[in-house]
Amino acid sequence: TKKVIIAVVLMLIMFSVTDVDYTPDARQLQLDSIAEFPNSTILRDSFFESHDNIIAFSGVGYDFVDQERLDVLREVDILDLVSESDGSVHASFDLYEDTVTQAWYSLLMTTFVSLLLGTMGLLFSKDAYQMVIHPIEKMKSTVQQLSENPLLHLEKIKDRDISQSNETDMLEQAITKMAALLQVGFGSAGAEVI
């Protein structure tokens, strides 16, 4: 359970580190301000100075289109914003760099989760082998050896504290005790019968 908790915490940390949220609130607020004060060239000029990724702007008597950049971009790389107070004022932004950054973060997250799941699968497989499969194989080997030679002296398993032992240990102890009882009860003469 410790391994699972550590894995979940690592995944949550990676999700929070690689989460990229491009909320266009500042751009939207500035666009609304330009629509409210259409004669303010200061607002419009500061809007263009603060955003170097504007590819189109129209409204309030000013039109701007960077057709060369607009032709190269995919639809997913363009963010169109329209003023809420005046629908004729709108701007388009180039989100190519943001999209590439987000794609790299997604690739990083996919790689990390894949590695984490692979590692956890290997650790689970190792734990399952040590706790279940190996003891059962050992018991099977013990029963096969007893069927071939009923007088075989088995290595006595030390009685462990019940709180620290699991079911496979108890089964192994039971097989050893049954073999010892058979050997005592039948003796060397009964070994031929068994």
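Residues numbered from 1 in each chain as written. Predicted model: local features only at pLDDT ≥ 70, side-chain atom pairs only at ≥ 80, totals over all residues. Heavy atoms only, no water.

What follows covers the sheet that holds strand 2 (residues 62-65). In sheet architecture, strand pairing relies on hydrogen bonds along the backbone and comes in two forms, parallel and antiparallel. Here four strands make up an open sheet; going across it, the order is 2-1-4-3 and the pairing antiparallel. A single partner strand is all that each edge strand has here, and the edge strands are strand 2 and strand 3 (78-82). Direction aside, the axes of adjacent strands within the sheet are offset by 15° on average. In this sheet, strand 2 lies alongside strand 1 (residues 54-59) in antiparallel orientation, the contact comprising four bridges. Its bridge partner being in strand 2, glycine 59 is matched across the sheet by tyrosine 62. Contacts from helix 2 (residues 25-36) reach strand 1, strand 3 and strand 4 (90-94), with the element oriented near 40° to strand 3. Here helix 3 (residues 41-50) sits on the sheet in contact with strand 1, strand 2 and strand 4, set at roughly 165° to strand 1. (Pairing = 2+ DSSP bridges. Helix = DSSP H or I, 4+ residues; strand = E, 2+ residues; numbered from the N terminus. Axes fitted to C-alpha atoms, helices over the stretch in contact; angles between N-to-C directions. Contact = heavy atoms within 4.5 Å.)

So, on to the packing of aromatic side chains. Applying the stated criterion across every chain yields a total of seven aromatic pairs. When the centroid spacing of 6.1 Å and the interplanar angle of 90° are considered together, the rings of phenylalanine 47 and phenylalanine 48 count as edge-to-face. We classify phenylalanine 47 as buried; its relative accessible area is 1%. According to the relative accessible area criterion, phenylalanine 48 is partly exposed, its value standing at 22%. With centroids separated by 6.0 Å and ring planes inclined at 55°, the aromatic side chains of phenylalanine 47 and phenylalanine 57 adopt a geometry described as tilted. Of this pair, phenylalanine 47 sits in helix 3 while phenylalanine 57 is found in strand 1, placing the two residues ten residues apart along the sequence. When the ring centre of phenylalanine 93 is taken as reference, the NZ or CZ atom of arginine 27 above it lies at 5.0 Å. Positioned above the aromatic ring of tyrosine 62, the side-chain terminus of arginine 44 is 4.4 Å from the ring centre. (Phe/Tyr/Trp six-rings, centres within 6.5 Å; stacked < 30°, edge-to-face > 60°. Buried < 20%, exposed > 50% of the residue type's maximum accessible area, 1.4 Å probe, protein only. Lys NZ or Arg CZ within 6 Å of the ring centre and 35° of its normal.)

Interpretation in functional terms is not warranted from these geometric data alone.
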